[in-house]
Amino acid sequence: MSAFSSPGDEGAGGLVVSGGGTYAVAVDELFVVAARLGAVAPVVDGWLARAGVLRRGLDLLDIDDPIAAVDAASPAWHAGVGCVRLEQSRDLALTMHSSLLESAERYGVTERLVDGLWHLGAAVAAPWLGLHAPVLLIGGLLAAGGQWAGSAIRSALGWGPTPLAAWLDEHRDLLSDPGFVRLVRLAADHADEAFSAAFHLPVPGGLGAVIGAPESASIVLAATGLLGVVGSRVLVDGPVRVTRVDAGARGSAADRAGMDAAPAGHPAQGVSRLGEVVAPPAGVRGLADRVPSGDEAPQIRIERYGTAADPRWIVYVGGTADFGLIAGAETADMTSNTHGVADDTRLDRLRFTGADSAAGERAVREALTEAGAQSGDPLLAVGYSGGGIIAAKLAADPELGAVGALNLGGPVASAPTREGVGLLSLEHEEDLVPATGGAGHPSPDRVTVTRSVLEPDREYAAAVPAHELARYRQTAALVDDSDEQRLVEWRALVDEVTGGGAGLRSDWVATREVSPATGAR
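Residues numbered from 1 in each chain as written. Predicted model: local features only at pLDDT ≥ 70, side-chain atom pairs only at ≥ 80, totals over all residues. Heavy atoms only, no water.

### Observations concerning the overall build of the protein chain
Okay, so step 1: For the protein chain, the helix and strand inventory stands at 15 helices and 13 strands.
Okay, so step 2: Expressed as a percentage of its 521 residues, the buried residues of the protein chain come to 43%.
Okay, so step 3: Contacts in the protein chain between residues at least 24 apart in sequence constitute 72% of all its contacts with a sequence separation of at least 6.
Okay, so step 4: Total accessible area on the protein chain stands at roughly 25900 Å², and carbon and sulfur atoms take up 63% of it. (Helix = DSSP H or I, 4+ residues; strand = E, 2+ residues; numbered from the N terminus. Buried < 20%, exposed > 50% of the residue type's maximum accessible area, 1.4 Å probe, protein only. Contact = heavy atoms within 4.5 Å. Areas by Shrake-Rupley, 256 points an atom, 1.4 Å probe, with all protein chains shown as cover.)

Spelled out as structure tokens, the structure:
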């Protein structure tokens, strides 16, 4: 067996379901058993009603004399004992039902208490780190310089890696440690306090508590937007365009930057609303399987179901492809992700520099329009990683007819939700990407499913193995196998959108404008 695990290896963790209008947090099996126990009571009440009819019938027949009525052999005695046992069974089922739900509620309260203590510690630590930022920065630079010089010397002498390099290699799983993931979530929410302390800026009491990851992202974009005036292109977004391509085809970013759309009247425009015939997705795993993946895959896939008079749509958005901070032709990049997180706060509306919305989101909206979707058409949005941010944004837009959104490992904890439009978010305990969205806020329309996917004492080839799409597809399969009511309703939603019939697929490539006029690279 290889020393490294492949994305196809099954993790041992079960599903933990939270949200959806309750503070209860528990494994999905607990909720399933509680629901079954709760369903026992009306069934037993029906049996009791029938038993009551039988007892009244015995009374009318008058087959028991007063002495025989207490005889263990009499029908009336058996009927009475049966009713008592049924009542006891009903009461026991209801007690167990309440106890299970109460245990889930207590677990949720404990989780919130622990999170509160972590946030309290972060609120104290963030200003301290900010005040000592110069010393920490200088120390870090000296350590990095010493590491670089030591590596060069040891390499020249053939002595192997430095102790620090060896330690880092040995502890490469640090990024996947749940404790580190929690720290990332805290850092996303408290970055503003460290920044304010570093520049000795006063922070009004209580203000730090309401400034989270979206607000911090918006502030960063405002700063980089101002720097863009003097020529900086860091996190500065630009115009986008989308092009219909054959299924699976894409090409390089440079090739896409030079592509021209079909001219007005071209036959390609006449068939742009048609596509390849595809079978409907089966459940949540079916949705996850169709999310675009790979460097050469188009970022956007759209499927139309129903009839021309009653179309229903599913849009799939791939994950981040470019992790650089300077906006290029690729729209699935960190610039788009940062804009997407910043859009989650009303503070972003006050920002007067930079793009109004993320390039990736604008591209998906344009692709939907080109495919023929109209405002009010039922839409199910699915996204992985940075694409999950876009899916959540589409679901929250009151001008769209979105009926739900599925997020696979994207930072959507702070994303706004719309009443009646469910957001199902799959997040792995060892995945730091969802944590970059901060702690977020509870919502009755957001259901979060978490799961541990990595095995202790096992090495993984990827830097962040818990974020791999293959593992999220495994988690989606477990969602389909669950009888938890909220997850069952989500599978029913998929069937409702597709109607069980075939759909028409189209693939789209998005390109950010890279002309000198836009200033992008």
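Once you've had a look at it, read on.
### Observations concerning the pattern of salt bridges
Okay, so step 1: A complete count under the given rule lists 16 salt bridges for this structure.
Okay, so step 2: In this structure, Arg473 engages Asp289 in a salt bridge whose closest nitrogen and oxygen atoms are separated by 3.8 Å. Highlighted residues: Arg473 in helix H14 (residues 469–481) and Asp289 in helix H10 (residues 283–289), separated in sequence by 184 residues.
Okay, so step 3: The salt bridge involving Arg486 is made with Glu484; its shortest N-O contact spans 2.9 Å.
Okay, so step 4: Of the residues examined, Arg486 reaches a relative accessible area of 16% and is grouped as buried.
Okay, so step 5: Counted as one network, the salt bridges with shared partners bring together Asp45, Arg90 and Asp91. (Salt bridge = Lys/Arg side-chain N within 4 Å of Asp/Glu carboxyl O.)

### Here's the deal with a negative patch on the surface
Okay, so step 1: The grouping of Asp173, Asp177, Asp457 and Glu459 at the surface amounts to a negative patch.
Okay, so step 2: As for its position among the elements, Asp173 is in the loop between helix H4 (163–170) and helix H5 (178–198). (Patch = residues over 30% accessible without salt bridge, like charges linked within 9 Å, V, L, I, M, F, W, Y side chains within 5 Å. Lys, Arg positive; Asp, Glu negative; His and termini not counted. Charge placed at Lys NZ, Arg CZ, Asp CG, Glu CD.)

### Overview of the confidence of the model for the protein chain
Okay, so step 1: Here the protein chain averages 75 in pLDDT, and 63% of its residues register 70 or above.
Okay, so step 2: Here residues 251–273 scores under 50 on pLDDT; set against residues more than four positions off or in separate chains, the count is 34 contacts.
Okay, so step 3: Counting interchain partners and residues more than four positions distant, the pLDDT-below-50 stretch residues 517–521 has 14 contacts. (pLDDT = per-residue confidence, 0-100.)

### Details of H14
Okay, so step 1: For H14, built from 13 residues, the straight-helix expectation of 18 Å at 1.5 Å per residue is met to within 8% by its first-to-last C-alpha distance of 19 Å.
Okay, so step 2: Looking only at H14, the buried set comprises Leu469, Arg471, Tyr472, Arg473, Gln474, Thr475, Ala476, Val479 and Asp480. (Expected span 1.5 Å × (residues − 1).)

### Overview of the side chain of Ser443
Okay, so step 1: Relative to the assigned elements, Ser443 resides in the loop between strand E10 (422–428) and strand E11 (446–451).
Okay, so step 2: Classification of Ser443 by relative accessible area gives buried; the value is 9%.
Okay, so step 3: At 2.7 Å, the side chain of Ser443 and the side chain of Thr417 are in polar contact. (Polar contact = N/O pair within 3.5 Å; in protein donor to acceptor, adjacent residues only side chain to side chain.)

### Focus on the packing of aromatic side chains
Okay, so step 1: Applying the stated criterion across every chain, the model contains 1 aromatic pair.
Okay, so step 2: The cationic tip of Arg301 hangs over the ring face of Tyr316; the distance from NZ or CZ to the ring centre is 5.7 Å. (Phe/Tyr/Trp six-rings, centres within 6.5 Å; stacked < 30°, edge-to-face > 60°. Lys NZ or Arg CZ within 6 Å of the ring centre and 35° of its normal.)

### Some points on a nonpolar patch on the surface
Okay, so step 1: Together, Ile153, Leu157 and Trp159 make up a nonpolar patch on the protein surface, roughly 350 Å² of accessible area in all.
Okay, so step 2: Inspection of the secondary structure puts Trp159 in the loop between helix H3 (133–157) and H4.

### Overview of unusual backbone geometry
Okay, so step 1: The backbone of Ser385 sits at a positive phi, close to 55°, despite the residue not being glycine.
Okay, so step 2: In this structure, Ser385 sits in the loop between strand E8 (378–384) and helix H13 (386–396).

### Description of helix H15 (residues 485–498)
Okay, so step 1: Look at H15: 20 Å from first C-alpha to last across 14 residues, which is about the 20 Å you get at 1.5 Å a residue.
Okay, so step 2: Residues Arg486, Leu487, Trp490, Arg491, Leu493, Val494, Val497 and Thr498 constitute the buried set of H15. Burial along H15 is one-sided: seen end-on, the buried residues are contained in an arc of 145°.
Okay, so step 3: Where H15 begins, the capping side chain belongs to Glu484, and its oxygen is found 2.9 Å from the backbone nitrogen of Arg486.
Okay, so step 4: Count one or two residues on from H15 and you reach Gly499, which has phi positive near 70°. (Arc of directions from axis to C-beta.)

### Brief notes about the nonpolar core
Generally speaking, nonpolar side chains in soluble globular proteins are found buried as a group.
Okay, so step 1: Ile300, Ile302, Val315, Val364, Leu368 and Trp508 are the most contacted members of the largest nonpolar core, which has 29 residues in total.
Okay, so step 2: For this core, the secondary-structure elements that each account for two or more residues are strand E4 (240–245), strand E6 (300–306), strand E7 (311–317), helix H12 (359–371), E8, H13, strand E9 (401–408) and strand E13 (503–512).
Okay, so step 3: Residue contributions to this core peak at 6 residues, all from H12.
Okay, so step 4: With near-sequence residues (within four places) excluded, Ile302 lies in contact with Trp313, Ile314, Val315, Ala367, Leu368, Ala371, Leu504, Arg505, Ser506 and Trp508.
Okay, so step 5: With 28 residues, the next largest nonpolar core counts Leu287, Ala288, Tyr316 and Trp490 among its residues. (Core = buried A, V, L, I, M, F, W, Y, C linked by side-chain atoms within 4.5 Å.)

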